[in-house]
Amino acid sequence: MERFFDIESFRKEVLNTIQDTSLTYEQQTSRLAKLAENSLEYPVDGNDFYDLYETLEICDLDEGHAPYAPRYILPDYEKLLKEGSKFLRLAPAKTLDEALTNLLIFYHHVPSITRFPVYIGSLDTLLEPFVQDSDSLDDIRKK
């Protein structure tokens, strides 16, 4: 079913988002992406969904009209550290600093509806191979 899309209201929301000084840049870009996504119809047939949605009997949890990111994902962080990531141009980690950097970069790119990884891995197990006997415990703890 085709729902009415008001382009002027959409443009107003975009402008309000861009001009909102209370939002960080990341919050603005996230909101702009959500506005674009919500300009699409929900991927459903018929009126039953819309009848329930409009009476607040169901809710989309603010995940958008066409959610493209999974809610939960469990990446293989051990594989990332051993093999790197061709897509992100990350070499396999050889040192603790490289392992931490690779994980932080990868965390930023894990697809998630929350924009944060739900699972960060078993850090002790992941990072232990990169801890050298020559590293001081104090330096390791700081990292």
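Just so it is clear, the structure is predicted and the values come from calculations on it, not from any experiment.

Peer 1: What exactly am I supposed to notice about helix H2 (residues 25-37) here?
Peer 2: With 13 residues, H2 should reach 18 Å at 1.5 Å per residue; the first-to-last C-alpha distance of 18 Å fits that figure. Within H2, burial applies to Gln28, Lys34, Leu35 and Glu37. Contacts from the buried residues of H2 go to helix H1 (7-19).

Peer 1: Teacher, can you tell me more about the packing of aromatic side chains here?
Peer 2: In this description, a pair of aromatic rings is defined by centroid distance and the angle of the planes. The full count for this structure, using the stated rule, is eight aromatic pairs. On the basis of an interplanar angle of 80 degrees and a centroid distance of 5.2 Å, the ring pair of Phe49 and Tyr50 is categorised as edge-to-face. Exposure remark for Tyr50: the relative accessible area of 6% places this residue in the buried category. Between the aromatic rings of Tyr77 and Phe106, the centroid separation amounts to 5.8 Å while the plane-to-plane angle is 85 degrees, which identifies the pairing as edge-to-face. Of this pair, Tyr77 sits in helix H4 (residues 77-83) while Phe106 sits in helix H5 (residues 96-109), placing them 29 residues apart in sequence.

Peer 1: Would you mind showing me how to read the pattern of salt bridges here?
Peer 2: It is possible for side chains of opposite charge to pair when their charged atoms get near one another. Summed over all chains, the structure comprises six salt bridges. Among the salt bridges present, the one from Arg11 reaches Glu8, with a minimum N-O distance of 3.4 Å. Here Arg11 and its partner Glu8 are both found in helix H1, three residues apart, which amounts to about one turn of the helix. Here Lys143 makes a salt bridge to Asp97, at a shortest N to O gap of 3.1 Å. Highlighted residues: Lys143 in the segment after helix H7 (137-142) and Asp97 in helix H5, separated in sequence by 46 residues. Since its relative accessible area comes to 48%, Lys143 is described here as partly exposed.

Peer 1: Please clarify how the side chain of Ser85 should be interpreted in this entry.
Peer 2: Positionally, Ser85 belongs in the loop between H4 and H5. At a separation of 3.1 Å, a polar atom in the side chain of Ser85 contacts the main-chain amide nitrogen of Leu88.

Peer 1: Hey, could you run me through the confidence of the model for the chain in this one?
Peer 2: Low pLDDT marks stretches whose predicted atomic positions should not be read closely. Of all residues in the chain, 96% attain a pLDDT of 70 or more, and the chain-wide mean is 88. Here H7 stands out as the least confident element of the chain, with mean pLDDT 85; H4 is the most confident, with 97.

Peer 1: When you look at the layout of surface pockets in this model, what are you seeing that I'm missing?
Peer 2: The space that makes up the largest pocket amounts to roughly 610 Å³. Ser30, Tyr68, Ser112, Ile113 and Arg115 are, among the 24 residues lining the largest pocket, the residues nearest its centre. Elements with a contribution of two residues or more to the lining of the largest pocket: H2 and H5. Here the element with the most residues in the lining of the largest pocket is H2; it accounts for eight residues. Counted by class, the lining of the largest pocket contains eleven nonpolar, six polar and seven charged residues. Mapped onto the domain boundaries, the lining of the largest pocket takes at least three residues apiece from domain 1 (7-55) and domain 2 (77-130).

Definitions and limits used
Residues numbered from 1 in each chain as written. Predicted model: local features only at pLDDT ≥ 70, side-chain atom pairs only at ≥ 80, totals over all residues. Heavy atoms only, no water. Helix = DSSP H or I, 4+ residues; strand = E, 2+ residues; numbered from the N terminus. Expected span 1.5 Å × (residues − 1). Buried < 20%, exposed > 50% of the residue type's maximum accessible area, 1.4 Å probe, protein only. Contact = heavy atoms within 4.5 Å. Phe/Tyr/Trp six-rings, centres within 6.5 Å; stacked < 30°, edge-to-face > 60°. Salt bridge = Lys/Arg side-chain N within 4 Å of Asp/Glu carboxyl O. Polar contact = N/O pair within 3.5 Å; in protein donor to acceptor, adjacent residues only side chain to side chain. pLDDT = per-residue confidence, 0-100. 1 Å grid on protein atoms, 1.4 Å probe; cavity = no way out; pocket = protein on both sides within 12 Å on 5 of 7 lines; lining within 4 Å. Points joined across faces, edges and corners; volume = space filled by probe spheres on them. Nonpolar A, V, L, I, M, F, W, Y, C, P; charged D, E, K, R; others polar. Domains from an automatic or database assignment.

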